[in-house]
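Inside the fold
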Amino acid sequence: MSKEISLATVKEHNKPKDLWIVIDNKVYNVTAFLKEASDRWRHPGGEETLMEVAGRDGTKEFNDVGHSSEAREILKKFFIGNLAAADIKKKSPVSCRQIGLAVGAVFVGITLVYLLRRGLAKN
């Protein structure tokens, strides 16, 4: 079983010489990824990219970039534990934004059907 690490602990590790991040509720110590001399382990986005998410959850940023499967494999080498259950954000099954988009789409669809039928009835 993996070690559980609190978000408060992760927040303490936010310096270039001691850098932890959270991706998908897993905690990674990526310090070596910054300072490794080998190009094989150096982060291609540079130090700034990792420092932007240092000591916090970088899941959104990680996923937004669209990392390759190779990048995900490299990340596994830096895994040190799971985020503590108390710090995992509970996801609602459906977000308010998704509900709003669905309601808007239904409204637009009904309006279009009404206008089309009305226009065909006049002809």
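Since the model is a prediction, treat every value here as computed from it, not as a measurement.

Let us look at the environment of His 13. Within the secondary structure, His 13 sits in the loop between α1 (7–11) and β2 (14–15). When the C-alpha atoms of His 13 and Ala 54 are compared, they prove to be 7.1 Å apart, with 41 residues separating the residues in sequence. If near-sequence neighbours (up to four positions away) are discounted, His 13 is found in contact with Asp 18, Leu 19, Trp 20, Ala 54 and Gly 55.

Turning our eyes to something else, we now look at the side chain of His 13. The class of His 13 is buried, set by a relative accessible area of 14%. In terms of polar contacts, His 13 uses its side chain to reach the side chain of Asp 18, at 2.6 Å.

Moving on to a nonpolar patch on the surface. A cluster of nonpolar side chains, Val 94, Ile 99 and Val 103, forms an exposed patch at the surface whose accessible area comes to about 260 Å². Note on placement: Val 103 falls in helix α6 (residues 96–122).

This part takes up the sheet that holds β2. On the basis of which strands lie adjacent, the open sheet formed by five strands has the order β1-β5-β4-β3-β2 and mixed pairing. In this open sheet, the two strands that pair with only one neighbour each are β1 (4–5) and β2.

Attention shifts here to the pattern of salt bridges. Using the criterion set out here, one finds three salt bridges in the structure. A salt bridge links Asp 64 to Lys 60; the shortest N-O distance between them is 2.7 Å. Of this pair, Asp 64 and Lys 60 both sit in helix α4 (residues 59–65), four residues apart, which is roughly one turn of the helix. Looking at Asp 64, the relative accessible area reads 54%, which means it is exposed. Among the residues examined, Lys 60 registers a relative accessible area of 58% and is labelled exposed.

Conventions and cut-offs
- Residues numbered from 1 in each chain as written.
- Predicted model: local features only at pLDDT ≥ 70, side-chain atom pairs only at ≥ 80, totals over all residues.
- Heavy atoms only, no water.
- Helix = DSSP H or I, 4+ residues; strand = E, 2+ residues; numbered from the N terminus.
- Contact = heavy atoms within 4.5 Å.
- Buried < 20%, exposed > 50% of the residue type's maximum accessible area, 1.4 Å probe, protein only.
- Polar contact = N/O pair within 3.5 Å; in protein donor to acceptor, adjacent residues only side chain to side chain.
- Patch = residues over 30% accessible without salt bridge, like charges linked within 9 Å, V, L, I, M, F, W, Y side chains within 5 Å.
- Areas by Shrake-Rupley, 256 points an atom, 1.4 Å probe, with all protein chains shown as cover.
- Salt bridge = Lys/Arg side-chain N within 4 Å of Asp/Glu carboxyl O.
- Pairing = 2+ DSSP bridges.

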